[in-house]
Amino acid sequence: MAIAASSTDSTLAIQRPSAVHRWLQHLTARPSGLLGLVIVVTFVLLAILAPVVAPHDPLQQNWKVRLEPPLTSGDDGQLYILGTDSLGRDILSRLIFGARISIAVAVLAVALRSSMGVLIGLAAGYYRGPTDAVLMRLADIQLAIPFLVLAIALMAIIGTGFSKIVLVLGVTGWVTYGRIVRSEVLSVRERDYVEAARAIGAPNRTILFRHVLPNVSSSIIVISTLEIALMITAEATLSFLGLGVQPPTPSWGVMVADGRDLIYGQWWVSAWPGLAICLAVLGVNLLGDWLRDVLDPTTRGGALQRRLSKRDA
Amino acid sequence: MTTKRIRRIPFLSFVLIAVLALGVVAQSWVGSSVEAHLQDAETPDQITIALASELNTLDPAFFTSSNEQSIYYAVFDTLVTRDADLNIIPGLAESWETIDDNTWEFRLRDGVTFHDGSPMTAEDVKFSIDRIIGDFMENPSQSKLATIQEVQVVDPLTVRIITTSPDPILLSRLAGIVGWIVPKAHIESTGFEDFATNPVGTGPYKFVSWVKDEELVLEANPDYWNGAPSIGRVVFRPVPEASTRLALLKSGDVDVIQDVPTDQAPALEGDENLEIIATPLLRSMYFILRSDQEGPLADVRVRQAINYAVDKEGIVNELLNGYGIVSQGQTMGPEYFGFADDLEPYPYDPDKARELLAEAGFADGFSIEMLTPAGRYQADVTIAEAVAGQLSEIGINVEIESVDFSVYVTRKLDRTIDPITLGAWSQAVYDADGVVYLLFHTDEPWGVHYSNPRVDELVEEARSTLDQEQRLELYREALEIIREDAPVLFMHQQTLLSGVKTGTPVLTMPDETFIVYPKW
């Protein structure tokens, strides 16, 4: 009894730290992954703590200190670290609040895309036959229209604003998820444990969400991470074109557009938000690349992860 | 191995983006100092003008923007034209007289020929006006000459214009906009569609070529009746992006650019090869406050409160760097006949605004939507944001909707604009009729959703009264009522900045046109 108990303890003790340890190893072996993580965490923290860390009110106009260059204090004696825009608003504060918009739009849009795509992919891969054929032809049709063109057209029709941009970015991107999930499901559904579940009479719903979905989840996580970067640029693009978030709400895309005509004299108005978009996309991409390597079943880390998740299941 | 290569891509693209961004910024300094010196000081052979918007048609009957008027002025002539002080002077008509209140007789200049060599006669004048007022084609400009009932050819060099009612501003209507004289025989043989891309006129410049969205080339007409132009070629290039226009001017690729953002003016003033021309425009900016809908704006006190709440002086002096003139409680400036120079702007008085709001029952404010076109009018979105910011100070929470100009125009014509909507208006007739009638008369297609029977009466009477003193009084009374009713938030008269290579012989007019060959 004592022996059995200690052996259970020791397996647990060995197994858990080793998983964390491996992940840490992956991170240190890939400094770019670490960098990505640091950037993403920084932006997320800034977004959450925006009212605390922003030095000024992002909407407060002060025409006396408009277009102050970075690191100068205006006539009002206040320091504007990244300068002010054409209405005398503090650019740093607007950037910090802009992170909220970017992250919120990206996360919500990806949540919408992935849930649509996963459901469609699961259905197509699991039921096959006519369901599969119809859904995948729909995917082909959607793929034939370039994503941004479709998004711009939809925004022009339904109008602008935060909720609408989330909706448009959300419904136009299920195909990537749908196709990848479908192809994975096609192989997973032939596995023994799925057969076994079916043999004991488990309903389709249980098989799909208990046994199939967890085994395609790593792909979903990787695509979602990379798609976050795509959504950040898409939001910025639409807002830049005036089709997304509306001024005076501080969106990075709107801010770049604000400074478009000023690029000669007052580069900082659009350069900082441009740099913020660059950094955020870079960070998410680095993190996504690293996640892909770790979770990819064909690489060592992925195999490990697959084994761990199977054991947990 | 593969993963390593993939891993580098974000870094590489990041570096590339950074280099590109630096390049754009750096070009502004390097470009201006080096290339400006390479330019010859004088290039009188050709002038290249970068316009802020695209040209859509070269047929004046179908004109869509003031920029097209620059082309018409060079290629065509009108019966009468304007001098530097905007007084009416002879054009293709060397003299005119009124036979009675409704009949005008014009004596045409002898020996004027079109660019195709055919002589200009009374038949061409009749054709040019008939094709606009007549029903034989769909013409959006019909209303511009709506007071003309008939054109009669008396002899080859004499033409009579009969108006439906006495028209005090007939000459103004004929001196531009759609009053351009086109060759009857030529159009009848080639058709309107061809004419829209291949115009033939009597003007100082002949049409050479036009590649839409790229460039339009004109060439001096050596046989011009008023003397051949000294500048051989004029090229117009549409360049919608302001920063691109600045780059072209700084690099010497163009000689003149339209619409320099006011914040960029100091950058050009520092360059001794370039200069800024500031032209006070006919165009007035205002915000429509829809009084035709239920809601807070139906109460005149709320509309007045909005007028008190906005610091017009501050917007012009701070946001536009002083380029602009605060409107004197009317949507026009002194360039128009009928301007009331003793009306005052609403003063900036937020306390008074709050008081009025409270009186109207909105002490706690309200929320409202505001529509603005993006990038069409000078600093449009910035001004909308500034006004929204000021209205929030008195408790009015404004939600801005900034849209593409084409969407804005559609909604304006569909009468589906937001309760508060940015507007900007100019009419090159230089007469209050073009402003007070077209904006404030009930149910005008471009109007500001305002209706007041007394104003309707006044502007209708002013439209058909020949006595100019009496017209002044009629407009004066209408303008006073409108100022008090505040169907708009009165903003400012715009000042347009053009950037030119020092010494370029080009004139910028209050109607936003460029003149290379003045006809006075």
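Everything that follows concerns the structure shown earlier in this document.
Residues numbered from 1 in each chain as written. Chains lettered and ligands numbered in written order. Predicted model: local features only at pLDDT ≥ 70, side-chain atom pairs only at ≥ 80, totals over all residues. Heavy atoms only, no water.

**A short note on the overall build of chain A**
Counted only if it meets this: The way it works is that DSSP assigns letters per residue, a run of H or I at least four long becomes a helix, a run of E at least two long becomes a strand, and they are numbered from the N terminus. Relative accessibility thresholds used throughout: buried, under 20% of the residue-type maximum; exposed, over 50%; partly exposed, between the two (1.4 Å probe, protein chains only). Contact definition: two residues touch when any of their heavy atoms are within 4.5 Å. Using a 1.4 Å probe, the Shrake-Rupley method yields the accessible areas, and only the shown protein chains count as cover for residues.
The helix and strand tally for chain A stands at 13 helices and 2 strands. The proportion of buried residues among the 313 residues of chain A is 48%. Taking all contacts inside chain A whose residues are at least 6 apart in sequence as the whole, residues at least 24 apart take part in 70%. Here chain A has roughly 14600 Å² of accessible surface; of this, 67% comes from carbon and sulfur atoms.

**Quick look at the packing of aromatic side chains**
All names here are of chain B. Inclusion rule: Aromatic rings from Phe, Tyr and Trp, with only the six-membered ring used for Trp, were paired whenever their centres fell within 6.5 Å, and each pair was classed as stacked if the ring planes differed by under 30 degrees, edge-to-face if by over 60, and tilted otherwise. Consider the ring centre and the ring normal. A charge sits over the ring if Lys NZ or Arg CZ is within 6 Å of that centre and within 35 degrees of that normal.
Throughout the structure, instances matching the rule amount to 18 aromatic pairs over all chains. For the pair Phe-440 and Tyr-450, a centre-to-centre distance of 6.1 Å together with 85° between the ring planes defines the contact as edge-to-face. Here the residue Phe-440 occupies a position in helix H14 (residues 433-440), and Tyr-450 occupies one in the loop between H14 and helix H15 (453-463), the gap between them amounting to 10 residues. By the burial criterion, Phe-440 is buried, and Tyr-450 matches it. Sitting above the plane of the Tyr-437 ring, Arg-463 keeps its charged end 3.6 Å from the centroid. Lying across the ring of Tyr-73, Lys-519 places its NZ or CZ 4.2 Å from the centre.

**Observations concerning the pairing of strand E10 (residues 233-238) of chain B**
In the case of a regular strand, side chains alternate between the two sheet surfaces. Residue and element names in this part refer to chain B. Condition: Two strands qualify as a pair provided DSSP detects at least 2 bridges between them.
Note that strand E1 (residues 46-51) and E10 share 6 bridges and pair parallel. Looking at E10, one finds that Gln-46 is bridged to Arg-233. With 4 bridges connecting them, strand E9 (residues 215-220) and E10 associate as antiparallel partners. Counterpart to Leu-218 in the pairing with E10 is Val-234.

**Quick look at the environment of Leu-246 of chain B**
With respect to the element layout, Leu-246 of chain B can be found in helix H7 (residues 242-251). We classify Leu-246 of chain B as buried; its relative accessible area is 2%. Between the C-alpha atoms of Leu-246 of chain B and Val-151 of chain B, which are 95 residues apart in sequence, the distance is 47 Å. If sequence neighbours within four positions are ignored, Leu-246 of chain B has contacts with Tyr-264 of chain A together with Ile-257, Val-260, Gln-264 and Leu-268 of chain B.

**Comments concerning the interface of chain B and chain A**
The cut-off we apply is this: The term buried area denotes the loss of accessible surface (1.4 Å probe radius) that occurs when two parts are joined, taken as the sum for both partners. Just to be clear on terms, a salt bridge is a Lys or Arg side-chain nitrogen sitting within 4 Å of an Asp or Glu carboxyl oxygen. Three categories are distinguished: nonpolar for Ala, Val, Leu, Ile, Met, Phe, Trp, Tyr, Cys and Pro, charged for Asp, Glu, Lys and Arg, and polar for the others, with Gly belonging to the last.
Each side of the interface is counted separately: chain B has 35 residues, and chain A has 31 residues. Of the roughly 3000 Å² buried between chain B and chain A, counting both surfaces, carbon and sulfur atoms make up 61%. For the pair chain B and chain A, the number of links is 4 salt bridges. Counting only elements with at least two residues in the side of chain B that touches chain A, the list comes to helix H1 (2-38), H7, helix H10 (312-319), helix H12 (380-393) and strand E15 (396-403) of chain B. The element that contributes the greatest number of residues to the side of chain B that touches chain A is H1 of chain B, accounting for 11 residues. A per-class count over the side of chain B that touches chain A returns 16 nonpolar, 11 polar and 8 charged.

**Some points on the pattern of salt bridges**
Per the counting criterion, the structure on display carries 39 salt bridges over all chains. For Arg-292 of chain A, the salt bridge goes to Asp-289 of chain A, with nearest N and O atoms at 3.5 Å. Note that Arg-292 of chain A and Asp-289 of chain A are positioned in helix H12 (residues 268-295) at a spacing of 3 residues, about one turn of the helix. Accessibility expressed as a relative area gives 24% for Arg-292 of chain A, which makes it partly exposed. Judged by its relative accessible area of 8%, Asp-289 of chain A is buried. Two residues, Arg-301 of chain B and Asp-299 of chain B, come together in a salt bridge whose shortest N-O distance is 3.0 Å. Arg-301 of chain B sits in the partly exposed class, given a relative accessible area of 30%. For Asp-299 of chain B, a relative accessible area of 19% gives the class buried. Because the salt bridges share partners, they merge into one network encompassing Asp-85, Arg-89, Arg-94 and Asp-258 of chain A together with Glu-385 of chain B.

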